[in-house]
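# Notes for the structure review
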Amino acid sequence: MDKTSAQNLIKDTFNYPFNEEKFSKFSVNLLEQIKTNSSSVWLDNTNLPLSLRENVMQYKIFGQMEYENGEKIIISMIKLKSAEVVEKSRYIQRDFTKWLIDKNDSDACLVSFFADNYDDWRFSLVKIDYKREETKAGKIRVKQELTPLKRYSYLVGKNEPNHTAQTQLSPLLLDENKNPSLEMITEAFGVEKVTKSFYQNYVIIFNKFESYINKNSKLNSEEIRMFAQTLFNRLMFIRFLEKKNWLKFNRSNKYLYSLYQEGNYGKKSFYNGRLKPLFFNGLGKEGFQEDAAYGKVCFLNGGLFEENIIDNKVKDLPNKLFKDILDHDGLFYRYNFTVEESTPIEVQVSVDPEMLGKVFEELITGRENIGAYYTPREVVSFMCKESLKKFIGDVDFIENDKLQLNKLDRYKSLLSKIKILDPACGSGAYLVSMLNELLRLNELIYKKEKSLKNKNFSKYYLKLLIIQNNLYGVDIDEVAVQIARLRLWLSLTVDYEGHKPEPLPNLDFKIEKGDSLISTNVMAIQPDIFFDSLIKEYEVIKSKYQSARKNETKNKLFKKIKEIKKNINTQYGNKQETFEWRVEFAEVFSRGNDSGFDIILANPPYGIKVDDNLREKYVQKEKLSKDSYAYFLLRGLELLKQNGILCYIISDTWRTLRTFEPLRTRLLKYNIIHYVDLPQWIFDATVNTNILTLVKNEKDNEIVTAKFNSSLDKNWEILNQTLKKISQ
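Notes on the structure in this doc start here. (Residues numbered from 1 in each chain as written. Predicted model: local features only at pLDDT ≥ 70, side-chain atom pairs only at ≥ 80, totals over all residues. Heavy atoms only, no water.)

## Side note on the overall build of the protein chain
Helix and strand counts for the protein chain stand at 27 helices and 20 strands. Per-residue burial for the protein chain yields a buried fraction of 59% across its 728 residues. For the protein chain, contacts bridging at least 24 residues in sequence account for 71% of all contacts bridging at least 6. A total of about 32,600 Å² of accessible surface is found on the protein chain, and carbon and sulfur atoms cover 46% of it. (Helix = DSSP H or I, 4+ residues; strand = E, 2+ residues; numbered from the N terminus. Buried < 20%, exposed > 50% of the residue type's maximum accessible area, 1.4 Å probe, protein only. Contact = heavy atoms within 4.5 Å. Areas by Shrake-Rupley, 256 points an atom, 1.4 Å probe, with all protein chains shown as cover.)

## Let's talk about the packing of aromatic side chains
Per the counting criterion, the structure on display carries 51 aromatic pairs. Ring geometry for Y472 against F597: centres 5.5 Å apart, planes inclined by 70 degrees, an arrangement best described as edge-to-face. Taken together, the positions of Y472 in strand β14 (residues 471-475) and F597 in strand β16 (residues 597-602) put the pair 125 residues apart, joining distant regions of the chain. Y472 gets classed as buried once you look at its relative accessible area, which sits at 0%. The interplanar angle of 90 degrees and the centroid separation of 6.1 Å between the aromatic rings of W654 and Y675 together place this pair among those described as edge-to-face. Here Y675 lies in strand β18 (residues 671-678) and W654 lies in the loop between β17 (640-651) and α26 (661-667), a separation of 21 residues in the sequence. Residue W654 is classed as buried on the basis of its relative accessible area, which comes to 4%. (Phe/Tyr/Trp six-rings, centres within 6.5 Å; stacked < 30°, edge-to-face > 60°.)

## Thoughts on the pattern of salt bridges
Per the counting criterion, the structure on display carries 37 salt bridges. Its salt-bridge partner being K98, residue D102 comes within 2.9 Å of it at the nearest N-O pair. Linking D102 with K98, this pair stays in helix α5 (residues 90-103), spanning four residues, or about one helical turn. On the accessibility criterion, K98 (32% relative accessible area) is partly exposed. In this structure, R487 engages E341 in a salt bridge whose closest nitrogen and oxygen atoms are separated by 2.9 Å. (Salt bridge = Lys/Arg side-chain N within 4 Å of Asp/Glu carboxyl O.)

## Side note on helix α1 (residues 3-14)
Helical geometry note: an α-helix holds 3.6 residues per turn, so side chains three or four residues apart project in the same direction. Its twelve residues place the ends of α1 16 Å apart at the C-alpha level, agreeing with the 16 Å of an ideal helix rising 1.5 Å per residue. Of the residues making up α1, those classed as buried are A6, L9, I10, T13 and F14. The buried residues of α1 occupy an angular sector of 100 degrees when projected down its axis, which confines them to one face. On its buried face, α1 is in contact with α2 (20-30), β6 (120-127), β9 (150-157) and α6 (163-169). Where α1 begins, one side-chain oxygen reaches toward the backbone nitrogen of T4, 3.3 Å away; that side chain belongs to D2. (Expected span 1.5 Å × (residues − 1). Arc of directions from axis to C-beta. Polar contact = N/O pair within 3.5 Å; in protein donor to acceptor, adjacent residues only side chain to side chain.)

## Here's the deal with the environment of L668
Counting through the fold element by element, L668 comes out in the loop between α26 and β18. Residue classification places L668 among the exposed residues on the basis of a relative accessible area of 58%. Distance from L668 to E698, taken between C-alpha atoms, is 9.0 Å for residues 30 residues apart in sequence.

## Remarks on unusual backbone geometry
Unlike most non-glycine residues, N117 shows phi in positive territory, near 60 degrees. Looking at the secondary structure, you find N117 in the loop between β5 (108-114) and β6. In this structure, R251 is a non-glycine residue whose phi angle is positive, near 60 degrees. Structurally, R251 is set in the loop between α9 (221-241) and α10 (255-262).

Written out as structure tokens, the structure reads:
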């Protein structure tokens, strides 16, 4: 098939509601050697496991193909109960496909998930890694590896852009790629190309905005960057929210596109007449949710859509500047967007909220110049699970979703009280990953409880509790903090059911801007009665602030919080306000013997020199290297409670260089669990990095070490498998 024919076939198949005939035509052109079953019929759900029957209506196995190396792939079609199950129920879809793969002794499955009366559908590749080995008798024996089933998905159909599917799937249909290997098919479902392409286009458009603002305002370079990034964050947040159908304008499900097509409002530009009223009234103030300028929207709260000083310094932006973003073929409508973040085992071939973090870390602030790098989700997931395993003490629960009934109450209590910190949170990768892990573990507990008694369960309210009670983050960069909050808000919205969402929580005093290193050694402070009363008052007001909705109330509480913090700083003898851990996160350090964080994870800055004054705060006369990561380690040890877990990605120089001897001395006092040397290509940097995990106690323990920084080619799937084996 030539290129034009391939593109037309992709368009005809994936630009419309699911059609069995068109999908079958695509399948036989993709895998010409597929053995189709002429007698194949649609099967009902009576032979399915009970857990699947409620949501799977019918299914059909179209055909199968076996490669020369023994790998086997099947193609199937699954009719689900409703559009909601197609959009959201990833676990149901994964469980069904695993059942199908096991039943047909296959390595992979290409599968369409669709529902009646729904214009969009999912096209997924699902894989299980098997190892084939020859027995003494010469037969091939198949053995499943420890790695879990992995799914890659496109959301396609009438309402979704076709750009990504066109770009990545059409090459598989070309004559030179007949009967593509499973590896080639997997590559076509990869999200890395989507990320790279989106990022490259984002850079070009972002630079145009900065260039215009530079020529037409009096903002300095830092203010220009802040304004442009905040504007793009607001627009991307709205684009993600479109998937929830909470924003209405001209009856279109493409809210920003439709708003842009209307152009000026009154005698004002698109920006002044529509966007600014949308941001600062419709989304930012309760009671202004319907207006001719922006249609019908929802009050979001949270702070992202509150007008700031820099907003007032930019008088206007021309309509044409937004064309490359919001027009029909603009950046935001050329790519699929999903509000659900991908995981190492569930990959959406689209732009997800993680993109906010990647763009920020790689472009917006040049954070590689301050020793900061974006941490890939595979590594983040590994570190989160490893930390939770040590905290809970149950590998089966964390890794294999197995929960013993007699441990249910203990684990439920532990998870409700856990305090987790990222002291260099960047755009929030660890916070979002931990949110999802804690949600998953609580869901497992709920399923066990449900078998004992009927209980209501809401993912949204559980996530809200986790964000409010369990997660903490700090970063010195204001835009990073903004994006971290934004990703947590998006994670909340994905699970809210209903047409009118609850206002988002105010996270100003949960995910905070501050310098993690400069404050007093928190565990050495001896408070008095007056000091304790200030801390308790602050804790109460901060809790009220998190749920405050009206700007007047928030401003009043914010002012009170600033007053208390000033008093506390006076008690410390600080002449200037600094970031004081025991003040900012009072509830963590007022737990008696349990004071401190249970888990601290980070990919802190490394390669940046601290000044002499800061070094003396930590090591006094000892000659410790000035590399910043050493002081993030020491600060982490201070903030940890006894028996707490620290898990960092850091440079490997702490193990070998003489200037790190004072750090080694301190680290070796504690129970080091493992260190894992990582390949350099993970961060596209020349620095050698490793994951260090330790427990803050003096118990003897065997240290697990892993070194694959020079032997592992750039392959995320192999890296994920390797990390999985280490975790076992």
